[in-house]
Amino acid sequence: MEQQQQQQQQAPGGRRRPRLVSMLGLGQRCWEVTLDEERGRLAWRDPRPPRRGGGDYFVPTSEIIAVEERELNKKQGSIGKWQKMAKPHAFTVYYVKKARNHRWRCSDVTFWCVDEHLCNQWIQALKELLEMQKSRPKQLLVYINPYGGKRQGKRIYEQKVAPLFSLASISTDVVITERANHAKDNLFEVNINKYDGVVCVGGDGMFSEVMHGLIGRMQKDSGIDQNNPKAPLVQCNIRIGIIPAGSTDCICFSTIGISDPVTSALHIIVGDCQPLDVSSIHHNNTFLKYYVSLLGYGFYGDILKDSEKKRWMGPIRYDYSGFKTFLSHHYYEGTISFQPAKHTLGSPRDKDSCRTGCYICKKTEQQLAEQHKECGLKDEEDEEWKVIKGKFLAINAVNMSCACTRSPKGLSPAAHLADGSADLILVRKCSRFDFLRYLVRHTNQDDQFDFSFVDVYRVKSFQFTSKLSEDNESNVTDIGKKRFGQFCRDHPACCCNIANSSWNCDGETLDSSAIEVRVHCQLMKLFARGIEENHKDEAAYSQSSVEQLL
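Residues numbered from 1 in each chain as written. Predicted model: local features only at pLDDT ≥ 70, side-chain atom pairs only at ≥ 80, totals over all residues. Heavy atoms only, no water.

1. A look at the overall build of the chain
Operational definition: Helix and strand definitions here come from DSSP, where helices need a minimum of 4 consecutive H or I residues and strands a minimum of 2 consecutive E residues; each element is numbered from the N-terminal end. Only protein chains enter the accessibility calculation, which uses a 1.4 Å probe; a residue whose area is less than 20% of its type maximum is buried, one above 50% is exposed, and one in between is partly exposed. Two residues qualify as a contact provided that any one of their heavy atoms is within 4.5 Å of a heavy atom in the partner residue. Computed with a 1.4 Å probe, the accessible areas rest on the Shrake-Rupley method; for each residue, only the protein chains presented here act as cover.
Of the regular secondary structure elements, the chain holds 13 helices and 22 strands. Sorting the 550 residues of the chain into buried and exposed places 54% on the buried side. Here the contacts in the chain between residues at least 6 apart in sequence split such that 73% fall between residues at least 24 apart. Within the structure as shown, the chain displays about 25500 Å² of accessible surface, and the carbon and sulfur contribution to it stands at 47%.

Laid out in structure tokens, this is it:
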């Protein structure tokens, strides 16, 4: 049982990496356990597998959460003849267990042996390996919104997330927000350099608040004027982690593939890093907002504005306001001008979805860096602008797919997280029935852009001006009040042309119908790795068969 081997592997550059191999107890059987640093994994194999279960199992060392020495009680001590020889020594390895639909769970496996020195050697080797994971956070600043979604943020963090952070030896400073923009204001005051990341517990609105605070703090410290729409913004190196506790949690779903607090916490613990594009919105050289998922005018803007009056209804208010907005069928006249994103390799109509280690995002980053070295942002004004005028039911600009549980593909299935572009979706005036067909396609596998009244473009910047803003140079808000309720002559009376809509900016209303939008490539980073491909062998180390033996 005490059999052990410590082999040396030749690594590139002449360095040698240890390969620890021992025969250790697992349940009532003896297993061959290997810690292979070269291949980056912990593996265990049953040399004499029974007919049911058994076989080979492994865990990537990058997904080991913690290792602890463990006392085996009498119940656990039914481990065969070796327990009669000497008191067994044991250690438990906690690791990420991947389940279906991108769900992660914390699982564990306990190995034992009668040699105390061997047990300590394994514990020491695993802990040293965890210390080498430099991307893992040691100290986090946590903001909890106790009022978002179903008001479960504080409970979710305390019961599901905090124990995992404690297990992974992550220290936290927790702030429970008491008002709107509490987190944003606090981020301008704290010593941000003492933290390895910022975690927000809440919905998309809470994430937006933390994002604005971090980006704003970074630009302030770097002397960048955010009111200049052409200013090259400084990247944020501090990662943001999202613990979903809101109504939709679109950003979380689009970056890891599921809205689940435990899964998100484990992505934070293992130190994942996913770059993310951020778009800035300006009006007359005045900064308004940033967004990372959806900027929607018309249909989605009207839904949000109506739902804000019905917060007392809870999350169901979005269904009510959505149905009401669909029936009203308002359209809006305006002019869209945009710069095509010629630097990107993909297209909104292709089938190349953004996944973990996305080639398009990596290649785009390199191309943009080279372009900016050669010509900078100033020469972008000389590039081609396309102009479209019309009557629109919806104008949507998305930096990511905007997938969620109700729309698994999202508004633009092929949108990329970090390619320096946005997908601009224009839904022109059409019948209610046609618009319903378009909306239904967000819930199935059909091409949602395959309609004559829908256009989609991949852009790096765009401008929008409503018809009323073009006709009048006075304040947009005053125009809306004076001209509200204008009727359309060439359309049935039930489909009226309201003066102006509002923008749905990552779930927050924005009242401005003359805006300028620019995409900033990979401006910030998340504790995420993008959506992983579903492989058949994903459960190779799920431990399901091992659990049958314990």
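2. So, the pairing of strand E17 (residues 386–398)
Regular strands show a simple pattern: their side chains alternate between the two faces of the sheet. Stated precisely, the cut-off is as follows: Two strands make a pair as long as DSSP finds a minimum of two bridges between them.
Bridging between strand E15 (residues 294–298) and E17 involves 5 bridges; their strand directions are antiparallel. Directly across from Leu 294, in E17, lies its bridge partner Val 398. Where strand E16 (residues 332–340) and E17 come together, 7 bridges link them in antiparallel fashion. Counted as the bridge partner of Phe 338 is Lys 386 from E17. Relative to strand E18 (residues 422–428), E17 runs antiparallel, the two sharing 6 bridges. In the sheet register, Phe 392 faces E18, and the bridge partner there is Arg 428.

3. Remarks on unusual backbone geometry
You will see that Asn 101, though not glycine, has its phi angle at about 60°, which is positive. By the element assignment, Asn 101 lies in the loop between strand E7 (89–98) and strand E8 (104–113). A positive phi angle, near 50°, is found at Asn 284, a position not held by glycine. Relative accessible area serves as the criterion here: at 64%, Asn 284 is assigned to the exposed category.

4. Things to note about empty space enclosed by the protein
Quick reminder of the rule: Both site types are read off a 1 Å grid over the protein atoms alone. A 1.4 Å probe that fits but cannot get out defines a cavity, while an open set with protein on both sides within 12 Å along at least five of seven lines defines a pocket; lining residues have an atom within 4 Å of a point. Grid points are joined across faces, edges and corners, and a volume is the space filled by probe spheres set on the points. Three classes are used, and their members are as follows: Ala, Val, Leu, Ile, Met, Phe, Trp, Tyr, Cys and Pro are nonpolar, Asp, Glu, Lys and Arg are charged, and the others, Gly among them, are polar.
Applying the stated criterion to the full structure yields 3 cavities of 30 Å³ or more. Of the volumes computed, that of the largest cavity is approximately 70 Å³. Of all elements in the fold, only strand E12 (239–244), helix H5 (250–256) and helix H6 (261–269) reach the threshold of two or more residues within the lining of the largest cavity. For the lining of the largest cavity, the class distribution of residues is 7 nonpolar, 4 polar and no charged. A volume near 50 Å³ is recorded for the second largest cavity. Going through the elements one at a time, helix H7 (299–307) and helix H8 (317–328) are the ones with two or more residues in the lining of the second largest cavity. Considering only residue class, the lining of the second largest cavity consists of 4 nonpolar, 3 polar and 1 charged.

5. Regarding the environment of Leu 295
Inspection of the secondary structure assignment puts Leu 295 in strand E15. When its relative accessible area of 0% is taken as the criterion, Leu 295 is described as buried.

6. Remarks on the nonpolar core
Formally: Put simply, a nonpolar core is a bunch of buried Ala, Val, Leu, Ile, Met, Phe, Trp, Tyr and Cys residues held in one set by side-chain atoms that sit within 4.5 Å of each other.
Within the largest apolar cluster, 64 residues are counted, with the highest numbers of intra-cluster contacts made by Phe 207 and Met 524. Top contributing element to this core by residue count: helix H4 (residues 204–222), with 6 residues. Look past the residues within four positions of Met 524 in its chain and what remains in contact with it is Phe 207, Met 211, Cys 236, Ile 240, Gln 274, Pro 275, Leu 276, Val 278 and Val 292. Counting 27 residues, the second-largest nonpolar core is a separate cluster that includes Ile 65, Val 142, Ala 245 and Ile 268.

7. A word on the packing of H8 against helix H10 (residues 432–440)
In a packed pair of helices, the relevant descriptors are the angle between the two axes and the axis-to-axis distance. Spelled out, the test is: Geometry is summarised by axes, namely lines fitted to C-alpha atoms with helices restricted to the contacting stretch, and by angles between N-to-C directions that run from 0 to 180 degrees.
Between H8 and H10, the shortest axis-to-axis distance is 10 Å and the interhelical angle comes to 145°. Here H8 contributes Phe 326, Leu 327 and Ser 328 to the contact with H10, which in turn contributes Arg 432, Phe 435, Leu 436 and Leu 439. Split into classes, the residues belonging to the contact of H8 with H10 amount to 5 nonpolar, 1 polar and 1 charged.

8. Re the environment of Met 218
Relative to the elements of secondary structure, Met 218 occurs in helix H4. Owing to a relative accessible area of 21%, Met 218 belongs among the partly exposed residues under this scheme. Met 218 has contacts with Val 234, Gln 235, Cys 236 and Asn 237, leaving out every residue within four places of it along the chain.

9. A word on the pattern of salt bridges
Quick reminder of the rule: Salt bridge, as used here, is a side-chain nitrogen of Lys or Arg placed within 4 Å of a carboxyl oxygen of Asp or Glu.
With the rule as written, the count across this model stands at 22 salt bridges. The closest approach of N and O atoms between Glu 532 and Arg 529, which form a salt bridge, is 3.0 Å. The same class applies to Glu 532 and to Arg 529, which are both buried. Each of Glu 63, Lys 98, Asp 272, Arg 529 and Glu 532 takes part in a single network of salt bridges with overlapping partners.

Geometric descriptors of this kind do not, in isolation, establish any biological role.
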